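Spelled out from the first residue to the last, the chains are:
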Amino acid sequence: RTTISSGEDLSTVTQVVASALRQFNLGTEETTRVGDLLSTAANRSNVSISSLGQSLRFAAPQARAAGQSIEQTVLALSLLGDNALRGGIGGRNLARALEVLSQASAASTSELSELSNGNQKAIGALQRLGTTTRDEAGNFLPLFDVLGQLTRELDTLGQADQEVLLSALGGGAQ
């Protein structure tokens, strides 16, 4: 069904679905759901199942480590693809964003914060914005919950302050 709706060959689709299942530690009983998810994403955005597979190769390990679902990850990759960040480029960008947000939010509440020395600007930006990135148990919140908070907080600031904070969150030169 996925190959018909995506227009891609069976071998490619099978490989991408199987990889996605392994990357998110999902059982084979989830094959249809994951295939449908990838097919829907490909049909509703400017990405193919093949490019989603390339993106997931880079993004899935960090997404899984940050507690993100396959749905949140594929949606984020689809949005990146719609903005010309497809395949490995989109996957690496999402992985980096999750890494910076996850490490900065963990370090800002940890006794080991000195170990995240390279993320001090990101930690400061999250604290300045008052963004909640973790639940009571310390788990990283779903990416789009965090992005929604960031957007609301940034919208209250002027352009110059937004640029400074976004640069800090981007993990630029520390």
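A brief report on the enclosed structure follows. (Residues numbered from 1 in each chain as written. Predicted model: local features only at pLDDT ≥ 70, side-chain atom pairs only at ≥ 80, totals over all residues. Heavy atoms only, no water.)

### Side note on the overall build of the protein
Inference 1: Summing up its helical and strand segments, the protein has 9 helices and 0 strands in all.
Inference 2: In the protein, which comprises 174 residues, the share counted as buried stands at 43%.
Inference 3: Taking contacts inside the protein between residues at least 6 apart in sequence as the whole, the part at least 24 apart equals 61%.
Inference 4: When the accessible area of the protein is evaluated, it comes to approximately 9200 Å², of which 51% is carbon and sulfur surface. (Helix = DSSP H or I, 4+ residues; strand = E, 2+ residues; numbered from the N terminus. Buried < 20%, exposed > 50% of the residue type's maximum accessible area, 1.4 Å probe, protein only. Contact = heavy atoms within 4.5 Å. Areas by Shrake-Rupley, 256 points an atom, 1.4 Å probe, with all protein chains shown as cover.)

### Thoughts on the environment of Asn 46
Inference 1: With respect to the element layout, Asn 46 can be found in the loop between helix H3 (31–44) and helix H4 (49–65).
Inference 2: Put simply, Asn 46 and Asp 82 are 36 residues apart on the chain and 5.0 Å apart in space, counted from C-alpha to C-alpha.
Inference 3: Filtering out sequence-adjacent residues up to four positions away, Asn 46 remains in contact with Gly 81, Asp 82 and Arg 86.

### With respect to the packing of helix H2 (residues 10–23) against H3
Inference 1: Packing of H2 against H3 brings their axes to within 10 Å, and their N-to-C directions diverge by 115°. Regarding the angle of H2 to H3, the classification is roughly perpendicular. For the crossing formed where H2 meets H3, the hand is right-handed. On H3, the residues that touch Val 16, Val 17, Ala 20 and Leu 21 of H2 are Thr 31, Val 34, Gly 35 and Leu 38.
Inference 2: When its residues are assigned to classes, the contact of H2 with H3 shows 6 nonpolar, 2 polar and no charged. (Axes fitted to C-alpha atoms, helices over the stretch in contact; angles between N-to-C directions. Parallel < 35°, antiparallel > 145°, perpendicular 65-115°, else oblique. Left-handed = near helix turned anticlockwise from the far one by under 90°. Nonpolar A, V, L, I, M, F, W, Y, C, P; charged D, E, K, R; others polar.)

### Focus on the environment of Gly 130
Inference 1: Inspection of the secondary structure puts Gly 130 in the loop between helix H7 (120–129) and helix H8 (143–154).
Inference 2: Gly 130 sits in the exposed class, given a relative accessible area of 52%.
Inference 3: When the C-alpha atoms of Gly 130 and Leu 150 are compared, they prove to be 8.7 Å apart, with 20 residues separating the residues in sequence.

### What to know about the packing of aromatic side chains
Inference 1: In the structure shown here, the tally under the stated rule is 0 aromatic pairs.
Inference 2: When the ring centre of Phe 58 is taken as reference, the NZ or CZ atom of Arg 92 above it lies at 4.4 Å. (Phe/Tyr/Trp six-rings, centres within 6.5 Å; stacked < 30°, edge-to-face > 60°. Lys NZ or Arg CZ within 6 Å of the ring centre and 35° of its normal.)

### Thoughts on unusual backbone geometry
Inference 1: Residue Asn 25 is not a glycine yet carries a positive backbone phi of 55°.
Inference 2: Assignment of secondary structure puts Asn 25 in the loop between H2 and H3.
Inference 3: Backbone geometry at Ala 84 places phi at a positive 70°, although glycine is not the residue there.
Inference 4: Its place among the elements puts Ala 84 in the loop between helix H5 (70–82) and helix H6 (87–107).

### Considering the side chain of Thr 73
Inference 1: With respect to the secondary-structure elements, Thr 73 resides in helix H5.
Inference 2: Residue classification places Thr 73 among the buried residues on the basis of a relative accessible area of 2%.
Inference 3: With near-sequence residues (within four places) excluded, Thr 73 lies in contact with Phe 24, Leu 56, Ala 63, Gln 68 and Leu 94.

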